[in-house]
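Residues per chain, in single letters:
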Amino acid sequence: MRNIIYKIEDVRDSLSTLRKEGVKKGAWTGFDSLFDKYSVKKGSTTYIYAGAHQGKSQFAFELMMNLAEYSDWKWAVYTPETGSPTEVFAELLWVYLRKPFLINDHMTATDEETEKAIEFINEHFYIIDSGLQDLSVEGFYTAVEQIESDNFISIDGCMIDPFTEIKTDVSSGVRDDIAIGQVLTKIRKHSAEKDYHTIVTVHTKHQQAKYKNGVPYVDKPTMNDIAGGMQWSRKGMMIVNVWRCPFGLEDSNGVPYEANQVEITVVKAKPKIVGKLGKVTLYYDRMKNRYYEVDSRGEKQYAYPQPNS
């Protein structure tokens, strides 16, 4: 049991470092408004939850690309819902290029731009695809370690999109929520042990649409709206909700929502220095397949390097 039992003298050096340097904020996430509430720390996790068609995968792709571009992170990505490896790479190219990878009548990347994008994606992204086989969380992290071994690199970030594509053990009378909790514990431990940051997207339970002035909408979900919600709130470090604002309605201050307005809400932030509770307004550009914020001058600002970095 010696490897799991510590006395303070065992961590004296790391305590000394912590005392001198303090707890540092995580990596830059691409937008000043977002970084105020949310940063990304290695050895930790982010859980992104949302209802259907709210943009949780797109937000996860935004985060991955910003960390790859501005912090040189390398990613292992498991996203069966996005499609085959070819389709996933095409999506990543679209995000990187900020214009359609596929030939488009309105705006298309040039061959030169595309080749540059392919080189960047090849250096920073590795796709895991289990085909018809179920993939356990152990199998996922084994694949990540294989990527590292085969390519002589260190993976910085992992993405599982969505959580339902990971096999959970609901046999032997284990309740669904307990089984979910067991997998989330393994994700947290793997991330901490290997110094990865793991992003997991998760669906909420079905929400009945409401109507106001003839406009359909769903309420912003809470963690309790996730299947096994209590386990997510207990096991999560950074937990973020993505909610597309209902165009045609107004916010609590009477300001009409924009057609592409999205609220990113941090509902749990741990440790505190990494983020804080609160919401950020971003906007989704369908043509560029990217988010942007609006600055104090009313100008659009797509993701950019950290100022003074």
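For the structure itself, look to the data block above.
Treat the numbers as computed from the prediction; the structure is a model and nothing was measured. (Residues numbered from 1 in each chain as written. Predicted model: local features only at pLDDT ≥ 70, side-chain atom pairs only at ≥ 80, totals over all residues. Heavy atoms only, no water.)

Visitor: I keep staring at the pattern of salt bridges and nothing clicks. Help me out?
Guide: This structure, assessed with the given rule, holds 12 salt bridges. In this structure, the salt-bridge partner of Lys 37 is Asp 36, at a minimum N-O distance of 3.0 Å. With relative accessibility at 16%, the residue Lys 37 sits in the buried group. A relative accessible area of 33% means that Asp 36 is categorised as partly exposed. Note that Glu 113 is salt-bridged to Lys 99, the shortest N-O span being 3.3 Å. On the criterion of sequence distance, the pair formed by Glu 113 in helix α5 (residues 111–124) and Lys 99 in the loop between α4 (85–97) and α5 is long-range, its members being 14 residues apart. (Salt bridge = Lys/Arg side-chain N within 4 Å of Asp/Glu carboxyl O. Buried < 20%, exposed > 50% of the residue type's maximum accessible area, 1.4 Å probe, protein only. Helix = DSSP H or I, 4+ residues; strand = E, 2+ residues; numbered from the N terminus.)

Visitor: What's the story with the nonpolar core in this structure? I'm lost.
Guide: Among soluble globular proteins, nonpolar side chains are generally buried collectively. By size, the foremost hydrophobic cluster in this structure holds 48 residues, and its most contacted members are Phe 59, Trp 75 and Phe 125. Ranked by residue count, the leading element in this core is helix α3 (residues 56–71), at eight residues. The residues touching Phe 125, leaving out its near neighbours within four places in the chain, are Met 64, Met 65, Ala 68, Trp 75, Val 77, Phe 89, Leu 92 and Phe 120. Core analysis: the next-biggest nonpolar cluster, separate from the first, contains 29 residues, Val 144, Val 200, Trp 232 and Ile 239 among them. (Core = buried A, V, L, I, M, F, W, Y, C linked by side-chain atoms within 4.5 Å. Contact = heavy atoms within 4.5 Å.)

Visitor: It is not clear to me how the sheet that holds strand β13 (residues 290–294) should be interpreted in this structure. Could you clarify?
Guide: Sheet strands pair by backbone hydrogen bonding; their relative direction is either parallel or antiparallel. Strand order in the open sheet made by the 10 strands is β3-β2-β5-β7-β1-β10-β11-β12-β13-β14, with mixed pairing throughout. Among the strands making up the open sheet, the edge pair consists of β3 (125–127) and β14 (300–302). Ignoring strand direction, the axes of neighbouring strands in this sheet form an average angle of 30°. Strand direction decides the pairing type here: strand β11 (residues 261–268) and strand β12 (residues 278–285), joined by six bridges, are antiparallel. The residue of β12 that forms the bridge with Glu 263 is Thr 281. Here α4 sits on the sheet and contacts β3 and β13; the angle it forms with β3, its principal contact strand, is near 155°. Against the sheet, helix α6 (residues 137–151) touches β2 (75–78), β3, β5 (157–160) and β7 (197–203), its axis set at about 140° to β5. (Pairing = 2+ DSSP bridges. Axes fitted to C-alpha atoms, helices over the stretch in contact; angles between N-to-C directions.)

Visitor: When you look at α4 in this model, what are you seeing that I'm missing?
Guide: Look at α4: 18 Å from first C-alpha to last across 13 residues, which is about the 18 Å you get at 1.5 Å a residue. Listing the buried residues of α4 in full gives Val 88, Glu 91, Leu 92, Leu 93, Val 95, Tyr 96 and Leu 97. Looking at the packing, one finds that the buried side of α4 touches α3, α5, β3 and β13. Arg 98 sits one or two positions beyond α4 and adopts a positive phi of about 60°. (Expected span 1.5 Å × (residues − 1).)

Visitor: Which parts of the structure should I look at to understand the packing of α3 against α5?
Guide: When two helices pack together, their arrangement is given by the angle between the helix axes and the distance between those axes. At a minimum axis distance of 11 Å, the contact between α3 and α5 shows a crossing angle of 95°. The angle between α3 and α5 places the two elements in the roughly perpendicular class. Residues Met 65, Ala 68 and Glu 69 of α3 lie in contact with α5, whose contacting residues are Phe 120, Ile 121 and His 124. Across the contact of α3 with α5, the residue classes break down as four nonpolar, one polar and one charged. (Parallel < 35°, antiparallel > 145°, perpendicular 65-115°, else oblique. Nonpolar A, V, L, I, M, F, W, Y, C, P; charged D, E, K, R; others polar.)

Visitor: Please clarify how the packing of aromatic side chains should be interpreted in this entry.
Guide: Enumeration according to the criterion identifies 15 aromatic pairs in this entry. Pairing Phe 59 with Tyr 291 gives two aromatic rings, centres 6.0 Å apart and planes at 90°, and the pair type is edge-to-face. Taken together, the positions of Phe 59 in helix α3 and Tyr 291 in strand β13 put the pair 232 residues apart, joining distant regions of the chain. Residue classification places Phe 59 among the buried positions, given a relative accessible area of 1%. Their ring planes at 75° and their centres at 5.0 Å tell us that Phe 140 and Tyr 141 sit as a pair that is edge-to-face. Taken individually, Phe 140 and Tyr 141 each receive the classification buried, so the pair is uniform in this respect. Among the aromatic side chains, those forming a connected cluster through ring pairs are Trp 28, Phe 31, Phe 35 and Tyr 304. We note Lys 288 situated over the ring of Tyr 302; from NZ or CZ to the ring centre the distance is 5.3 Å. (Phe/Tyr/Trp six-rings, centres within 6.5 Å; stacked < 30°, edge-to-face > 60°. Lys NZ or Arg CZ within 6 Å of the ring centre and 35° of its normal.)

On their own, these measurements won't tell you what the molecule is for.
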